[in-house]
Amino acid sequence: MTIRYLEIFVEVCKQMNMSKAAQSLMISQSSVSQAVAALEKEYETILFERLNHSLYLTKAGEQMLYLSSQVLKSVSQMEKTMKLGNTVPTLNIGVCTTIGSCLLHPLLAAYRKRCGDVHVHVSAEINNSRVLEEKLLHAQLDLAVIQESDASPYLRYRPFLKDRLAVICWNGHPLAEAGRKTDLTELQKETFVGRESGSGTDYLLKQVFSSHGLSLKMDWCCNSIEGIKQAVIHRAGLAVMSEFLIQKELADKTFRVVEVNDFVFARRFVLACHKDKMESPEFKQFVALCDQLGQEGMEDLIAATQVGGSREGEGVKKSHSYFGE
């Protein structure tokens, strides 16, 4: 096994075609085939199924892809460190859009404070949950905060934050009348402004309506929090958003919450990493901070960036019962 074989294997996985992989790497197709065959022979396993002139990764191939990507990432880091004298440890974090909008920056500030004199280069990406899961599976991120949904057998999860979502409308909408409550069947008559496919919020909203046998009318699709807010302000439709994201608009009465009878939109965010992830000291330190903060500490960090400042009892909190569930 050589590093070059791993590079070829990863490129084949990217292209899912040996001819295209050969073109991308500017080598012969026979060299690509030989590299894959050599890996399969060395590890006595089949990495690809060949069906109808198409390639499909086997379970062993999926595991090999993650481990190969991690090895290549480590080699790349070694090259930079040894050639440039760059000994700064790195941590690559991904967060879903909701967390990126309300918690990422204060959380990273708390992490840097904990690191003290040790400088850690933190690379953060904000994207939807599905994209972040894919990046975890391909060793492009060390860990990610995503909405809890269908568990992947290749990822490990730990509780991060509970969240409540609110159905919001513009001030003056009939559903915003004081004391009025509605139900899901009435909401299916309304137009919604939604998130892009792959978003955890989009997944939850569609799942709720589908599980109740209701249709969901969604005429608008936005890939940003601000885009959704502007669409609601301009009366394009209702929206479902985290209560963490709308404190200012509720305080100045730009938005109103639609009260829904006997139903609460709720979800949980989790901290995810690959089950075969090699945990660096920086990785462990970040996870320990999240555990120590717990639900209450996370909410304090969010509140510090919202209307009215932080809640009473600022600072890092000890883990509470939520993390013991």
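It should be emphasised that the depicted structure is a prediction, and the values quoted were computed from it without experimental measurement.

What counts as what
- Residues numbered from 1 in each chain as written.
- Predicted model: local features only at pLDDT ≥ 70, side-chain atom pairs only at ≥ 80, totals over all residues.
- Heavy atoms only, no water.
- Salt bridge = Lys/Arg side-chain N within 4 Å of Asp/Glu carboxyl O.
- Buried < 20%, exposed > 50% of the residue type's maximum accessible area, 1.4 Å probe, protein only.
- Helix = DSSP H or I, 4+ residues; strand = E, 2+ residues; numbered from the N terminus.
- Phe/Tyr/Trp six-rings, centres within 6.5 Å; stacked < 30°, edge-to-face > 60°.
- Disulfide = S-S within 2.5 Å.
- Core = buried A, V, L, I, M, F, W, Y, C linked by side-chain atoms within 4.5 Å.
- Contact = heavy atoms within 4.5 Å.
- Axes fitted to C-alpha atoms, helices over the stretch in contact; angles between N-to-C directions.
- Parallel < 35°, antiparallel > 145°, perpendicular 65-115°, else oblique.
- Left-handed = near helix turned anticlockwise from the far one by under 90°.
- 1 Å grid on protein atoms, 1.4 Å probe; cavity = no way out; pocket = protein on both sides within 12 Å on 5 of 7 lines; lining within 4 Å.
- Points joined across faces, edges and corners; volume = space filled by probe spheres on them.
- Nonpolar A, V, L, I, M, F, W, Y, C, P; charged D, E, K, R; others polar.

Draft legend 1. Just the pattern of salt bridges, in detail. Going through the model one piece at a time under the given rule, you end up with 16 salt bridges. Of the charged contacts in the structure, one is a salt bridge between Arg180 and Glu186, with a shortest N-O distance of 2.6 Å. Overall, the relative accessible area of 28% leaves Arg180 in the partly exposed class. Note that Glu196 and Arg195 form a salt bridge whose closest N and O atoms lie 3.0 Å from each other.

Draft legend 2. Unusual backbone geometry, seen in detail. A positive phi angle, close to 60°, is found at Met26, a residue other than glycine. Topologically, Met26 is positioned in the loop between helix H2 (18-25) and helix H3 (29-43). Residues other than glycine seldom take positive phi values, yet Ala139 does so here, at roughly 60°. Considering the arrangement of structural elements, one finds Ala139 in the loop between helix H7 (129-137) and strand E5 (143-147). Accessibility expressed as a relative area gives 7% for Ala139, which makes it buried.

Draft legend 3. A look at the packing of aromatic side chains. Within the structure shown, the criterion is met by four aromatic pairs. Look at Phe192 and Phe209: their rings are 5.8 Å apart centre to centre, the planes differ by 75°, and that puts the pair in the edge-to-face class. Placement of the pair is Phe192 in strand E8 (residues 191-195) and Phe209 in helix H9 (residues 200-211), with a sequence separation of 17 residues. For the pair Phe192 and Phe209, a shared accessibility class is recorded, and that class is buried. With centroids separated by 4.9 Å and ring planes inclined at 80°, the aromatic side chains of Phe263 and Phe265 adopt a geometry described as edge-to-face. Assessed through its relative accessible area of 24%, Phe263 is described here as partly exposed.

Draft legend 4. How the structure looks around the state of the cysteines. Applying the stated criterion to the full structure yields zero disulfides. Counting only cysteine sulfurs, Cys96 is the nearest neighbor of Cys102, a cysteine outside any disulfide, at a range of 8.4 Å. According to the relative accessible area criterion, Cys102 is buried, its value standing at 2%. With no disulfide of its own, Cys221 lies closest to Cys222 among cysteine sulfurs, the gap being 6.7 Å.

Draft legend 5. Seen up close, the nonpolar core. Of all hydrophobic cores here, the largest spans 46 residues; its most connected members are Ile99, Leu103, Leu107, Phe160, Leu161 and Phe286. Ranked by the residues each element gives to this core, the list is headed by helix H12 (residues 281-303), at nine residues. Not counting residues within four places of it along the chain, the set of residues in contact with Phe286 comprises Leu91, Ile93, Leu107, Leu108, Tyr111, Leu143 and Leu271.

Draft legend 6. Looking closely at the environment of Val208. Assignment of secondary structure puts Val208 in helix H9. When its relative accessible area of 8% is taken as the criterion, Val208 is described as buried. Considered as a pair, Val208 and Leu57 are 151 residues apart in the sequence and their alpha carbons are 33 Å apart. Setting aside anything within four residues of it in sequence, one finds Val208 in contact with Leu184, Phe263 and Phe265.

Draft legend 7. Here's a closer look at the environment of Lys253. Position of Lys253 among the secondary structure elements: in the loop between helix H11 (247-251) and strand E11 (255-257). Distance from Lys253 to Glu226, taken between C-alpha atoms, is 17 Å for residues 27 residues apart in sequence.

Draft legend 8. Focus on the packing of H2 against H3. In the contact formed by H2 and H3, the axes pass within 8 Å of each other and the chain directions differ by 110°. If you check the angle between H2 and H3, you find them roughly perpendicular. As H2 packs across H3, the resulting crossing turns out to be right-handed. On H3, the residues that touch Met18, Ser19 and Ala22 of H2 are Gln29, Val32, Ser33 and Val36.

Draft legend 9. Local environment of empty space enclosed by the protein. Considering all chains together, one arrives at three cavities of 30 Å³ or more under this definition. Taken together, Cys96, Thr97, Thr98, Ser129, Gln147, Arg195, Ser199, Gly200, Thr201, Arg267 and Phe269 form the lining of the largest cavity. Going through the elements one at a time, helix H5 (97-102), H9 and strand E13 (265-274) are the ones with two or more residues in the lining of the largest cavity. Of the residues contributing to the lining of the largest cavity, the split by class is two nonpolar, seven polar and two charged.

Draft legend 10. Seen up close, the packing of helix H1 (residues 3-15) against H3. One way to put it is that H1 packs onto H3 with a least axis distance of 9 Å and a crossing angle of 105°. In terms of their interaxial angle, H1 and H3 are classed as roughly perpendicular. Every residue of H3 that contacts H1 at Tyr5, Leu6, Ile8, Phe9 and Val12 is listed here: Ser31, Val32, Ala35, Val36, Ala38 and Leu39. When grouped by side-chain class, the residues that make up the contact of H1 with H3 number 10 nonpolar, one polar and no charged.

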